Amino acid sequence: MPKAVRYDEFGGIDVLRVDEVERPLPGDGQVLVRVKAAGINPGEAVIRTGAVADMFPSTFPSGQGSDLAGVIEEVGAGVSGFRPGDEVIGFSNKRASQAELVLV
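Rules and cut-offs
- Residues numbered from 1 in each chain as written.
- Predicted model: local features only at pLDDT ≥ 70, side-chain atom pairs only at ≥ 80, totals over all residues.
- Heavy atoms only, no water.
- Helix = DSSP H or I, 4+ residues; strand = E, 2+ residues; numbered from the N terminus.
- Rg over C-alpha atoms; globule rule 2.2 N^0.38 Å.
- Contact = heavy atoms within 4.5 Å.
- Areas by Shrake-Rupley, 256 points an atom, 1.4 Å probe, with all protein chains shown as cover.
- Lys, Arg positive; Asp, Glu negative; His and termini not counted.
- Charge placed at Lys NZ, Arg CZ, Asp CG, Glu CD.
- Buried < 20%, exposed > 50% of the residue type's maximum accessible area, 1.4 Å probe, protein only.
- Phe/Tyr/Trp six-rings, centres within 6.5 Å; stacked < 30°, edge-to-face > 60°.
- Pairing = 2+ DSSP bridges.
- Core = buried A, V, L, I, M, F, W, Y, C linked by side-chain atoms within 4.5 Å.
- Arc of directions from axis to C-beta.
- Axes fitted to C-alpha atoms, helices over the stretch in contact; angles between N-to-C directions.

Draft legend 1. Seen up close, the overall build of the protein chain. Along the protein chain, the regular secondary structure elements total one helix and six strands. Against the compact-globule benchmark of 13 Å for 104 residues, the protein chain has a radius of gyration of 14 Å, which places it among compact chains. Counting only C-alpha atoms, the protein chain reaches 40 × 25 × 20 Å along its principal axes. Long-range pairs, those at least 24 residues apart, make up 68% of the contacts in the protein chain between residues at least 6 apart in sequence. For the protein chain, the exposed area adds up to about 6,100 Å²; of that, 54% sits on carbon and sulfur atoms. Of note, the protein chain has its 10 positive side-chain charges centred 3 Å away from the centre of its 15 negative side-chain charges.

Encoded structure:
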């Protein structure tokens, strides 16, 4: 099973853990990326603390990170211009880039 960074409550880095998760399946217009590098920016770290929960609400368990680079593993229906094996950089709006596999 692939792994992903998750947390169940607001806080510092001490709330983070690595969980095994179900393998994501790309839906219509999505690609599945095997992440080679992921980042977190200061704003995302503040989201994790809960300091801006009114503006950026979270549901738990939550993931972390938006920026990623990797290789496409699968493409969903309706995807053109990308194919498995393509190297990509990307962004996830789901705070999920710190994982082995990410849908974008």
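Draft legend 2. Representation of the environment of glycine 39 in the model. Here glycine 39 is to be found in the loop between β3 (31–38) and α1 (42–49). On the accessibility criterion, glycine 39 (22% relative accessible area) is partly exposed. Taking C-alpha positions, glycine 39 is 7.5 Å from serine 97, a pair spaced 58 residues apart along the chain. Once residues within four sequence positions are removed from consideration, glycine 39 is found in contact with Glu44, Gly65, Ser66, Asp67, Ser97 and Gln98.

Draft legend 3. Structural detail: the packing of aromatic side chains. According to the stated counting rule, one finds two aromatic pairs in the structure shown. Between tyrosine 7 and phenylalanine 60 the ring centres are 5.9 Å apart and the planes differ by 65°, which places this aromatic pair in the edge-to-face class. Highlighted residues: tyrosine 7 in the loop between β1 (3–6) and β2 (17–20) and phenylalanine 60 in the loop between α1 and β4 (67–75), separated in sequence by 53 residues. A relative accessible area of 36% places phenylalanine 60 in the partly exposed class.

Draft legend 4. The pairing of β3, seen in detail. Here seven bridges tie β3 to β4, and the two strands are oriented antiparallel to one another. Its bridge partner being in β4, alanine 37 is matched across the sheet by alanine 69. Strand direction decides the pairing type here: β3 and strand β6 (residues 101–103), joined by three bridges, are antiparallel. What sits directly across from leucine 32, in β6, is leucine 103.

Draft legend 5. Geometry of the nonpolar core. Of all hydrophobic cores here, the largest spans 10 residues; its members are Ala4, Val21, Val31, Val33, Val35, Leu68, Ile72, Val88, Ala99 and Val102. Of all the elements in the fold, those that place two or more residues in this core are β3 and β4. Once residues lying within four places of it in the same chain are set aside, the contact partners of alanine 4 are Arg17, Val18, Asp19, Val21, Gln98 and Ala99.

Draft legend 6. Focus on α1. Three or more residues of α1 are buried, namely Glu44, Ile47 and Arg48. Each buried residue of α1 lies within a common arc of 100° when the element is viewed along its axis, so the set occupies one face.

Draft legend 7. View of the environment of valine 52. Considering the arrangement of structural elements, one finds valine 52 in the loop between α1 and β4. If we ignore the near neighbours within four places in the chain, the residues touching valine 52 are Val46 and Ile47.

Draft legend 8. Structural view of the sheet that holds β3. Strand order in the open sheet formed by four strands is β5-β4-β3-β6, with antiparallel pairing between adjacent strands. The two strands at the open ends of the sheet, each matched to only one other strand, are β5 (87–91) and β6. Strand-to-strand twist in this sheet, taken as the mean axis angle between neighbours without regard to direction, amounts to 50°.

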